[in-house]
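Structural characterization, general
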Amino acid sequence: MTRTPSAEPKESNRSPTRTGMRLIVPLQGIVQGRGGLILGSLIPCTLFYFLQFYLKRHRSPPQNPPSRSTSAANLSELPRSSSRANLLSRGSTGRAHVSARASSIAKPNASPYYIGLDRVREDPYDEMSNPDGVIQLGLSENRLSLDLIEEWLSRNCTDSILGVGGDALGLNGIATYQPMDGLMEFKVAMADFMTEAMGKTVSFDPSRVVVTSGATPALEILSFCLADHGNAFLVPAPYYPGFDRDIRWRAGVELIPVHCRSCDNFTLSITALEQAFNQARKRGQKVRGILISNPANPVGNMLNKDMLYDLLDFARERNIHIISDEIFAGSTYGNEEFVSMAEIADSEDADKDRVHIIYGLSKDFSIPGFRVGVIYSFNESVLAASRKLTRFSSVSTATQKLLVSMLSDKRFIQEYLKTNKQRIRSMYDLFVAGLRELGVECTKSSGGLYCWVDLSRLISPYNEKGELDLWDKLLNRAKINVTPGSACHCIEPGWFRFCFTTLNEKEIPVVMERMCKVVESCKPSV
Amino acid sequence: MELKSGKSQLLLSKIATNDEHGENSPYFDGWKAYDNDPFHPTKNPHGVIQMGLAENQLSSDMIEEWIKKNPSASICTAQGLHAFKNTALYQDYHGLPQFRHAVAKFMAKARGGRVSFDPDRIVMAGGATGANEMLMFCLADPGDAFLVPSPYYAGFDRDLRWRTGVRLLPVTCQSSNKFQITLEALEAAYESAQKAGIKVKGLIIANPSNPLGTTMDRSTLRTLVTFINHNQIHLVCDEIYAATVFCSPSFVSVCEIIQEMECNHDLIHIVYSLSKDMGLPGFRVGIVYSYNDMVVNCGRKMSSFGLVSSQTQHFLASMLSDEEFVDQFLSESIRRLASRHDSFTKGLEEVGIKCLKSNAGLFCWMDLRHLLKEPTFEGEMGLWKVIISDVKLNVSPGSSFHCHEPGWFRVCFANMDDEIVEVALRRIRMFVGKCKEVDVQVKKSWQRNLRLSFSTLMYDENMGSSPRMMSPHSPIPQSPLVRAWT
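Rules and cut-offs
- Residues numbered from 1 in each chain as written.
- Chains lettered and ligands numbered in written order.
- Predicted model: local features only at pLDDT ≥ 70, side-chain atom pairs only at ≥ 80, totals over all residues.
- Heavy atoms only, no water.
- UniProt positions renumbered as here; feature names shortened; annotations may be inferred.
- Phe/Tyr/Trp six-rings, centres within 6.5 Å; stacked < 30°, edge-to-face > 60°.
- Helix = DSSP H or I, 4+ residues; strand = E, 2+ residues; numbered from the N terminus.
- Buried < 20%, exposed > 50% of the residue type's maximum accessible area, 1.4 Å probe, protein only.
- Contact = heavy atoms within 4.5 Å.
- Buried area = accessible area lost by both parts, 1.4 Å probe.
- Salt bridge = Lys/Arg side-chain N within 4 Å of Asp/Glu carboxyl O.
- Polar contact = N/O pair within 3.5 Å; in protein donor to acceptor, adjacent residues only side chain to side chain.
- Core = buried A, V, L, I, M, F, W, Y, C linked by side-chain atoms within 4.5 Å.
- Domains from an automatic or database assignment.
- Axes fitted to C-alpha atoms, helices over the stretch in contact; angles between N-to-C directions.
- Left-handed = near helix turned anticlockwise from the far one by under 90°.
- Nonpolar A, V, L, I, M, F, W, Y, C, P; charged D, E, K, R; others polar.
- Pairing = 2+ DSSP bridges.

For chain B, an unreviewed UniProt entry supplies the name 1-aminocyclopropane-1-carboxylate synthase and the organism Sesamum alatum. Quoted straight from UniProt, the Sequence similarities (unreviewed entry) entry for chain B says "Belongs to the class-I pyridoxal-phosphate-dependent aminotransferase family."

The name given to chain A in an unreviewed UniProt entry is Aminotransferase ACS12, with Sesamum alatum as the source organism. Quoted straight from UniProt, the Sequence similarities (unreviewed entry) entry for chain A says "Belongs to the class-I pyridoxal-phosphate-dependent aminotransferase family."

Printed below as a string of structure tokens:
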């Protein structure tokens, strides 16, 4: 397709405009202050227009034509659209203005979280074909138990996508328009799975389930329902880097981090929560809810019952919501039992309305590609709004039908959950032992697909720059992709998230060997 | 704030509590009537027939057959199982390369091979619903506006405005010139927006049109492209019905136009989906195709909110790459649509009901102006209520599509088999016959009787639902939308 070459970029007439305004406004003020209202406005305005006229006639030619590289990393910087710029440039064949939202999102992503993922995509490790590639430890994906699902499928094969288990439904049952918030049978299957995954301490009600295409839209939809643009959620930090995208981008809800510290094993404290809430109020920021992840990402610790009750009390006193992201609930490996916020809500009838849970099959059931997420709420109005909003993010009915059969096989699901936990546990033990041999320690964690590793002794200087230097060494020299704490808004530098469920046992020594080189080179000389 | 006293005290957002989703509108009644009393050929032959849903079920058998013949396309079969692991893990927002290639090829075929599409510009979304919303997020800020020729798909009010905060400014099209958009109307709408200080970011069109079922000709498209190019505003073309064009004039895509004329390609964006052309709405496959790098980049990141299931991507990559099947499917599907359209419109003509001459889509735009008691929107609503309760057909009144003139109705014909079409036509014949008889009586008393019988019927059918929603006297609706739009 031929492209019309764009005319001179906007930058060349933007900065003089800005400078122009910087001169004019104070000038106007001074003149007006002395009572010369007409002159005060007329003179600066005239000067301003002459300046514009002069500049238009003497526009400098573009220095560098914008490069048309397809790689996101090379997208040229585009000016934020503003109405003033539009007025001045109307009629020109300049670059078409996109929204302010798009301008900020389309910029190459500076976050190490995304840069690391891109690097792995470009140069993925493979034992046979690419042994020097980058090993992926930055994506919390579980590859340990997919064989179990594969095996179930091979035992329960069907002839086609239409029917599973010999119960061919015909295309009409699958391909036609279905309720946007999920087939009833699928909601039943999801509610049952959640009950199993969370240890059967709560019984989930299918009528409170709204299905979305992944936990990502589930969280965005809840943000749109519970807060207006400019409001805020409190979120314990360090937190999952994706929250910034899910909650702030389009819903425009701010995230106020409540910092947790290593001395407390990164456990949330109500005092810190209170402080953050009060400071927000002083700033005039309206807090609408608390967003917790339990088991926590990236730290991997779990909130106990007392803390959950305390959180509900806190929310009640300030009349705010609680969103509990429990997507790793079935991936626990420690000795503690997982407690869902739903259990607390069940016992506190009066406050049920403020509790909302996010879930999905991407972690506990290892199928992130199928895009299955759940909003579970005790609030009828939230459910009603979510059901309507999920039409923008609904789940393929073919996938729903396939999963209904799988998830209804209760014995398979119980076996799967049990075996999966065991495998995560052994992998965790091996991985942590391997790190310990290198003199590297992790926080004590009991859930999730990762560990929270302390490399603070190895960074120099002891700040974010030092941390990013180490991250860069790990990515480009050792060729392992891990997530630095700064990407997770951790207030203490030197912490990294290592996901270990993308590995098999043979790969652990490879990782440790590569780590060793970097660790040795970074150790402070005694 | 007294917390114990109210669940209502727990505040939700404006978006969650406003009416912009449109489901509280009176049009919901039609859907309710259908839900409460759905037609079934044997179990409920007197139920309400669904003619308000633009679904394409005429060619599902061909797809079903292909599926059975190609088990390796489904990962739950013995032949397809080897692809399960990688598919289950694949969550990259770029989308499976083979899926994008297959979709690009299919889109080209649906346009007769006159245009080719770059797979790297294909961005996924949650159905065309998600695709339309995503483009608005990318192109406009809250408060900005998009022009849209009316009558237009009622779902646009929700999809383009609800979460995005974007405004829609209708550009009225008149029945006197077959509802075609004119440059005068467009320019007038644009200028009045500017005078009112509203920032217009673009124009959105549906080509083929919903609800009209017509395609835009080359010169109209050229005019539109010239207009948006001159004003440097975006053009979003919803081409979701591209492969349902069943007779001449043939379909001209905006992609062809921009190949032939000077235009800033950064302004051109296409929305596509497989829900209509292939009759697979349940798979939730929405596509945004933009010639603007920044929009592709931003849209791709936003697609995380509505990715297509990798199982579905894998399946479609297989099916849409089967060129022989696709060619056969497209030609047969069009033949069936043409035949259905013919028989339905002929049946309507026999009772004096004309439709706008159309060459595409899964519906017709019926002219029922002569059946209105009064040429107003109240009259249209009155007639609509009668059609639902008396004739027992769920059709969609023109005001729900923001039609400027009362008396037009959209009726869908592709979501049923031939027998049901017959039943529907028979009911229409009876109704029109009755109308003709009644015409000779005194108008006033007829109206009175009608109102009485109507409200009793509605009450019976809906068994004590809120009387507020049953009002036949509803004024021009504030949020004219219907649930579950297609």
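**Details of the packing of aromatic side chains**
All names here are of chain A. One pass over the full model with this rule turns up 38 aromatic pairs over all chains. Seen from their ring centres, F431 and F498 are 6.1 Å apart, and the 55 degrees between their planes marks the pair as tilted. One end of the pair, F431, is in helix α16 (residues 410-437); the other, F498, is in strand β15 (residues 495-499), with 67 residues separating them in the sequence. Look at F431 and you get buried, because its relative accessible area is 0%.

**Considering the interface of chain B and chain A**
Taken residue by residue, the interface counts 99 residues in chain B and 97 residues in chain A. Interface area for chain B against chain A, summed over the two sides, is near 8,500 Å², with a carbon-plus-sulfur share of 60%. Seen at the junction of chain B and chain A, the total is 3 salt bridges. Remark: the boundary between chain B and chain A carries 21 residue pairs in polar contact (both at pLDDT 80 or more).

**Here's the deal with the nonpolar core**
One finds F431, L455, L474, F498 and M515 of chain A to be the most contacted residues of the largest nonpolar core, which totals 161 residues. Here this core gets 9 residues from one element, more than from any other, and that element is helix α15 (residues 418-439) of chain B. Each of domain 1 (5-55 + 362-463) and domain 2 (75-322) of chain B contributes no fewer than three residues to this core. Setting aside anything within four residues of it in sequence, one finds L455 of chain A in contact with V440, L470, L474, G494, F496, F498 and M515 of chain A.

**Some thoughts on the packing of helix α5 (residues 97-110) of chain B against helix α13 (residues 323-350) of chain B**
Residue and element names in this part refer to chain B. Across the interface, α5 lies against α13 with an axial gap of 11 Å and an inter-helix angle of 35 degrees. As α5 runs across α13, the sense of the crossing is right-handed. Between α5, through K105, F106, K109 and A110, and α13, the contact on the second element is made entirely by E323, V326, D327 and L330. Among the residues making up the contact of α5 with α13, the classes are represented as 4 nonpolar, no polar and 4 charged.

**A word on the sheet that holds strand β3 (residues 145-150) of chain B**
Residues and elements named next belong to chain B. Strand order in the open sheet formed by 7 strands is β2-β8-β7-β6-β5-β3-β4, with mixed pairing between adjacent strands. A strand with exactly one partner marks an edge of an open sheet, and here the two such strands are β2 (122-126) and β4 (167-172). Averaged over all pairs of adjacent strands, the angle between strand axes in this sheet comes to 25 degrees, irrespective of strand direction. In the sheet, β3 pairs with β4 via 6 bridges, with the strands oriented parallel. Bridging across to β4, S150 finds its partner in T172. With respect to the sheet, helix α9 (residues 218-231) is in contact with β3, β5 (200-206), β6 (234-238) and β7 (268-273), its orientation differing from that of β5 by roughly 165 degrees. Packing of helix α11 (residues 293-302) onto the sheet brings it into contact with β2, β7 and β8 (285-290), and relative to β2 it is tilted by some 40 degrees.

**What to know about the domain arrangement of chain B**
Residues and elements named next belong to chain B. Each assigned domain of chain B is listed with its residue range as follows: domain 1 (5-55 + 362-463) and domain 2 (75-322). Using C-alpha coordinates to define each centre, domain 1 is positioned 30 Å away from domain 2. The interface formed by domain 1 and domain 2 holds 1 salt bridge in total. Taken together, domain 1 and domain 2 are joined by 11 residue pairs in polar contact (both at pLDDT 80 or more). Looking at the side of domain 1 that touches domain 2, the elements with two or more residues in it are β10 (363-367) and β13 (408-412).

**As for the pattern of salt bridges**
All names here are of chain A. Applying the stated rule across the entire model yields 56 salt bridges over all chains. Residue D313 is joined to R316 by a salt bridge in which the shortest nitrogen-to-oxygen separation is 2.9 Å. Of this pair, D313 and R316 both sit in helix α12 (residues 305-318), 3 residues apart, which is roughly one turn of the helix. What makes R316 partly exposed here is its relative accessible area of 22%. Beyond isolated ion pairs, a larger network of salt bridges with shared partners links D313, R316, E348, D351 and R354.

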